[in-house]
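Letter by letter, the chains look like this.
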Amino acid sequence: MQNDFDLSRLVRPNIWALTPYSCARDEFKGMDAHVFLDANESPYNDPVNRYPDPLQEELKARLAPMKGVRPEQIFLGNGSDEAIDLVYRVFCRPGIDNVVAIEPTYGMYRVCADVNDVEYRPVLLDDHFQPSAEKLLAATDEHTKVIWLCSPNNPTGNDLVREEVEKVIRHFRGIVVVDEAYSDFSDQLPLRLFAGRIPNLIVLNTFSKAWASAGVRLGIAFSTAEIIGLFNKVKYPYNVNRLTQDYAMQLLADTVKVERWVAQIRQERDHLLPALHELPICQQLYPTAANFVLIRVSDADRIYRYLVERGVVVRNRNRVQLCAGCLRITVGTPQENNELLGALRQYKP
Ligand SMILES: *Cc1c(COP(=O)(O)O)cnc(C)c1O
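What you see is a predicted model, and the numbers here were worked out from it, not measured in a lab.

1. Some points on the sheet that holds strand β11 (residues 326–330)
Thinking step 1. Read across the open sheet, the 4 strands follow the order β8-β9-β11-β10; overall the sheet is antiparallel. Every interior strand has two partners, whereas the edge strands, β8 (282–285) and β10 (315–316), have only one.
Thinking step 2. Pairing between strand β9 (residues 292–297) and β11: 5 bridges, direction antiparallel. Within β11, the residue paired with V293 across the bridge is I329.
Thinking step 3. Across the sheet, helix α12 (residues 300–309) lies against β9, β10 and β11, angled at about 35 degrees from β11, the strand it touches most.

2. Describing the pattern of salt bridges
Proximity of charged atoms lets side chains of opposite charge pair with each other.
Thinking step 1. Within this structure, the stated rule accounts for 13 salt bridges.
Thinking step 2. The partner of D97 in a salt bridge is K145, and the shortest N-O contact between them spans 2.9 Å. Residue D97 is located in the loop between α5 (80–91) and β2 (98–103), and its partner K145 is located in strand β4 (residues 144–150); the two are separated by 48 residues in the primary sequence. When sorted by exposure, D97 lands in the same class as K145, which is buried.
Thinking step 3. The residue D187 makes a salt bridge to R266 at a minimum N-O spacing of 2.5 Å. Taken together, the residues D187 in the loop between β5 (175–179) and β6 (201–206) and R266 in helix α11 (residues 255–277) connect sequence positions 79 residues apart.
Thinking step 4. Connected through shared salt-bridge partners, R93, D97 and K145 make up one network.

3. Quick notes on the packing of α5 against helix α9 (residues 225–234)
Thinking step 1. The interhelical angle for the contact between α5 and α9, taken along N-to-C directions, is 95 degrees, at an axis separation of 10 Å. Looking at the two axes, α5 sits roughly perpendicular to α9. Each of A83, L86, V87, R89, V90 and F91 in α5 lies in contact with α9, whose residues at this interface are I227, L230, F231 and V234.
Thinking step 2. Residues of the contact of α5 with α9, tallied by class, amount to 9 nonpolar, no polar and 1 charged.

4. Description of the state of the cysteines
Put plainly, a disulfide is one covalent bond tying together the sulfur atoms of two cysteines.
Thinking step 1. By the definition in use, this model includes 0 disulfides.
Thinking step 2. Counting only cysteine sulfurs, C92 is the nearest neighbor of C112, a cysteine outside any disulfide, at a range of 11 Å.
Thinking step 3. With no disulfide of its own, C323 has C326 as its nearest cysteine by sulfur position, at a separation of 5.1 Å.

5. Examining the side chain of K235
Thinking step 1. Its location among the elements puts K235 in the loop between α9 and α10 (242–252).
Thinking step 2. With no salt bridge to any partner, buried K235 finds its closest opposite charge in E82, at an N-O distance of 6.5 Å.
Thinking step 3. What K235 contacts, discounting residues up to four positions off in sequence, is P54, L55, Q56, F75, E82 and L86.

6. What to know about the sheet that holds strand β1 (residues 74–77)
Thinking step 1. Spatial ordering of the open sheet is given by β1-β7-β6-β5-β4-β2-β3, a layout of 7 strands whose pairing is mixed. Two strands in the sheet have a free side with no partner beyond their single neighbour: β1 and β3 (119–124). Each neighbouring strand pair of the sheet contributes to a mean axis angle of 20 degrees, computed without reference to strand direction.
Thinking step 2. Of the pairings in the sheet, the one linking β2 to β3 comprises 6 bridges and is parallel in character. Directly across from A101, in β3, lies its bridge partner P122.
Thinking step 3. Contacts between helix α6 (residues 108–115) and the sheet are confined to β2, β3, β4 and β5, with β3 contributing the most and set at about 155 degrees to the helix.

Rules behind the numbers
- Residues numbered from 1 in each chain as written.
- Predicted model: local features only at pLDDT ≥ 70, side-chain atom pairs only at ≥ 80, totals over all residues.
- Heavy atoms only, no water.
- Pairing = 2+ DSSP bridges.
- Helix = DSSP H or I, 4+ residues; strand = E, 2+ residues; numbered from the N terminus.
- Contact = heavy atoms within 4.5 Å.
- Axes fitted to C-alpha atoms, helices over the stretch in contact; angles between N-to-C directions.
- Salt bridge = Lys/Arg side-chain N within 4 Å of Asp/Glu carboxyl O.
- Buried < 20%, exposed > 50% of the residue type's maximum accessible area, 1.4 Å probe, protein only.
- Parallel < 35°, antiparallel > 145°, perpendicular 65-115°, else oblique.
- Nonpolar A, V, L, I, M, F, W, Y, C, P; charged D, E, K, R; others polar.
- Disulfide = S-S within 2.5 Å.
- Lys, Arg positive; Asp, Glu negative; His and termini not counted.

Next comes the structure, spelled out in C-alpha cells:
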C-alpha cells in the first residue's frame, strides 16, 4: 500500500474542478413524492416514461454483496468500454500524458487512447504471455498516468502471474487498471476483492461474458469511493438505461442460473482442449483460464477461411504480435464445439 498516493496530482485539473450536471431527480432525492412534474417527462407509458436512476442504486445494492465490495466502490457503465474511456477522460491530458499496457491485449485500451489523443506504450509479454513488472515500470515516465493489465488476458487466455501484478501496483505511483472480464472462468482469487483498499487500483468486470448479457451493454468498475466518485461526475447522467437496469435486477435474482452456465462452459472447455490438442493442424495449445483458447495452427489464414465457408466463425489473431499463426476460439455449447471439431478433423492441409 502506498502512503504517498495523491489522487489530486493524477486527475486532470479540469475534471478535479468539474461541477457535474445536476439532474431533476438529484435535487428532489430522498423526499416522499407521488406527483412528478419536475423533469418534463410524459405522464404516460410507465415505466420507461421516467428517467432512470443516474447512480443505479438499487442495482448496486444487489450487486455489491455478490461481488464482495461496498456499493460506493461500484461504477456501472454502458459496457466496460465506457469505463475504459472514462479512465482516459478522468486521468489523461490529451497530447501530454501517456499510458503503458501489456502487449498483446484487449484492443479497446489502444483505441480509447487514440480517440483521447493519449500516447499508448505497449510492452511485450514474454514467451509464456507473462508480464515483467520491471519492464512495465521501465516504460513509464513522469507523464504516465495509467498501466493497463488484463487477467485472464485477451487474446492469450492466461492468468497473469499475481506476484508481477502486485509488484506493478505497489511500485507504480499512478493508476493500475486490471481488467478481470474473464475472472469467473479462472481459479485465481479476483483482485476485485481488494478494490477500495488499494488506492491506485481499478478493476473492471462486465456482464458480457460469464453473465451472458453482451447485448444489454453493462460494464462494471471497482475502485475506491473517491475514484468512483470521479467516474460518476464525468459520465453521462443517464448512462445505464431503465431497460438494462431492470434486466440486470432480474438476472441477479437468479444467480444460480449464471453459475450453472459458467460451470457448463468450464466443463466444456475441459473437453474441447484435449480434442483440439489431438488435431494434426495443432502446433501449440496455450493454457487458458478464460472461456476461449488460443491455438497455434499450421496455416491460420487458410483454416480461418475454411471454417467460415462451413459457417463456423473463430477469431483470426495471426497478425497480432506474439500470436502469429494463432486462432482464438470461444467455448460454445457441446453441439457448437462438436461442429467446430468435426470441421477441423476434415480439414486437408
Ligand atoms: C469482452 C471484453 C470486455 C467486455 O467489454 P464490454 O464493453 O463490457 O462488452 C472487456 N475487457 C476485455 C478484456 C474483454 O475481452
